[in-house]
Amino acid sequence: MGAEPMATKSDGPSDAPSTYHRKIVPVSELIPALENQCGSDAPGSRRKTVIQCHGCFDIVHPGHIRYLQFARAQGDILVVSITGDALISKGETRPYIPQELRAENLAALEFVDYVVIDSNPTARDLLDRIRPDVYVKGEEYATSHDPRFIEERDVVESHGGRVIFSSGQVVFSSTRLMEALSQSPQLDVERLRAVSRRHDIDTARLGELIRAFFGRKFVVFGDSLVDRYVLCDANEIASEAPMMALTELDAEDYLGGAANVALQAAALGAEVVLVTSLGNDSLSGWVQSTLTSFGIRILTVHNRNDIPVHSRFLVDDRKLFRVSRGRVRPMDSISERKAADTLRELSGACDVMVSLDCGYGLVTPGLVQRVGDDLRRAPLLASGTGTSRGDLLAIRDVDLMCCSERRLRAAMNDSSAGLSSLAYGLLQRVQARSMLLTLGKRGLVTFDRRSHDRATTAWHDRLSSEYLPSFAGHVADRLGVSEAVLTVSALTLSAGGNLMQAAYLAGAIAAIRIGAVGPVPATADELHAWMSGRAELMTPPDVSPLRIKREPRRHVAHTV
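Anyway, here's the lowdown on the structure attached to this text.

Definitions and cut-offs
Residues numbered from 1 in each chain as written. Predicted model: local features only at pLDDT ≥ 70, side-chain atom pairs only at ≥ 80, totals over all residues. Heavy atoms only, no water. Helix = DSSP H or I, 4+ residues; strand = E, 2+ residues; numbered from the N terminus. Contact = heavy atoms within 4.5 Å. Phe/Tyr/Trp six-rings, centres within 6.5 Å; stacked < 30°, edge-to-face > 60°. Buried < 20%, exposed > 50% of the residue type's maximum accessible area, 1.4 Å probe, protein only. Pairing = 2+ DSSP bridges. Axes fitted to C-alpha atoms, helices over the stretch in contact; angles between N-to-C directions. Right-handed = clockwise from strand over helix to strand, strands pointing away.

Turning next to the side chain of Ser 277. Following the sequence through the fold, Ser 277 ends up in strand 9 (residues 271-279). Apart from residues no more than four positions distant in its own chain, Ser 277 is found in contact with Gly 222, Asp 223, Ser 224, Thr 300, His 302, Arg 304 and Leu 362.

Moving on: unusual backbone geometry. The residue Arg 131 is not glycine, and still its phi comes out positive at about 55°. Tracing the chain through its elements places Arg 131 in the loop between helix 4 (124-130) and strand 4 (134-137). With a phi angle near 60°, Asp 200 is a residue other than glycine that sits in the positive phi range. Its place among the elements puts Asp 200 in the loop between helix 7 (185-198) and helix 8 (203-213).

Taken as a whole, this structure holds 8 aromatic pairs when the rule is applied. For the pair Phe 471 and Trp 530, a centre-to-centre distance of 5.2 Å together with 50° between the ring planes defines the contact as tilted. Within this pair, whereas Phe 471 is found in the loop between strand 18 (464-468) and helix 15 (481-494), its partner Trp 530 is found in helix 17 (residues 524-531), the two being separated by 59 residues in sequence. Take Phe 471 and Trp 530: they sit in the same class, and that class is buried. Summarising the aromatic geometry, the rings of Tyr 504 and Trp 530 are spaced 6.0 Å apart at their centres and angled 65° between planes, so their arrangement reads as edge-to-face.

The next thing to look at is the sheet that holds strand 1 (residues 50-55). One open sheet holds the 5 strands; their spatial order is 3-2-1-4-5, and the pairing between them is parallel. Of all strands in the sheet, those with a lone pairing partner are strand 3 (114-118) and strand 5 (162-165), marking the two edges. Averaged over all adjacent pairs, the angle separating strand axes in this sheet is 25°, with direction ignored. Pairing of strand 1 with strand 4, which is carried by 3 bridges, proceeds in the parallel orientation. Paired with Gln 52 across the two strands is Tyr 135, which belongs to strand 4. Across the sheet, helix 1 (residues 27-38) lies against strand 1, strand 2 (77-83) and strand 3, angled at about 150° from strand 3, the strand it touches most.

Taking burial as the measure, the 6 residues of strand 1 include 6 buried ones, the bulk of the element. Alternating residues of strand 1 divide into Val 50, Gln 52 and His 54 and Ile 51, Cys 53 and Gly 55, and every residue in both groups is buried. Looking at chain direction, strand 1 and strand 2 are connected through 6 bridges and run parallel. Paired with Cys 53 across the two strands is Val 80, which belongs to strand 2. Considered for its hand, the β-α-β crossover made up of strand 1, helix 2 (residues 62-72) and strand 2 is right-handed.

Printed below as a string of structure tokens:
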């Protein structure tokens, strides 16, 4: 975080309480300031004693106050370093307070002289630069064998400093305090504002990105299917067995799988090519005519007898169960060769390429092997799965993976490990660059490598993560939301947006889609209208809503 020019008075910035924000400094400014005040950077030879404390300080409570007061009593200058939001691993919703506000809370304390936001997972590197005379840790570390703390202690002692332990006289838990506190709408707004400022998320920037969707060459390949809603009336228990008796009233069909991704991309203004498999049945004909009416070019590389259908039976808008129809029909060698040639040709002439594996036979190991590195010719490559049959590990070396927590745990065969650990394991296995993980009603979380350069050690380092709460109010239907999230995220990155801007627009389109029954695509106009009511987006829009010629919002349901 940036800071105003630092005061050079020998007694430090704490003598100016009206300008406590000046205490929040980058380490590049802190080091010369300490040298100016102390006369040396070597512990033991300084004119003044430097003390350092390090932690999360998510909610500053009385235990923290006494801990910091104890630390300040050990010397002359107290430096408090806090772990940045992206490096905290206390669950996907932590920290509760963003790093900018956490830094302000600490800087407002009279006995704190400097606050630094650390961009590393531990304080080791920062300790090596600051070289405190005294490093104060909580009493729980006195007998700790945590290798991260051992590294910190060794660095302090190697420069002639010492480590002491104290947690103050009153013990509190930030985690338990947060569990006990009710959600504050105003605090939620402030958190989102801090995240938005940090990642250049405002109405003007998002408007530019949405405008850039128009005309982008978007290629999606994967299985297409039909999502059918069977509307029923519930009668009494059936006479022949103790089971529910339903009377079918009507049925509506929607595009699913890769066809849904293609439709959503077209609704946002992209020029779309769909590489998929279709059957020779009437439903396949309806899918083809619907997609064509939205200007989508269809390249059929694998023929089926019929298109897969997922039927959901509803009573009073409540889904009772789902019945799937359609066999897995893997491509033969001739179809694989045809598909590979098609993808090679398209990859070099598009802005973004998306793979969506629904597990019905289009994305095969043979196809992936044939295409190989050719897919990397696309400026941006993204992947996801459309059903539980899809394989997250099918496509390697992608720029963005989109999936749900449930799909991630299934792919890694682990139901209990932390999300950061699972995300790191999956990204390493497929050598992907970043991940956007949806958490249902809790929102979403992003995972990104600290460097996208494979030649650096940071490629294999711990992931940076950021959490966004759900923007949805009323939840009508979650079907098709994952495809919408994948689509808008890929478009945002290809248009030059960063990962958090992509995540924000993904949360926005999810909120729009969840509020409607059936996987009906959201338009650019609807995104603009939704953003106009967001309190955290303080910059007014400088572009008018984008209007495209075709009518992408019209209902694509097919009554049977």
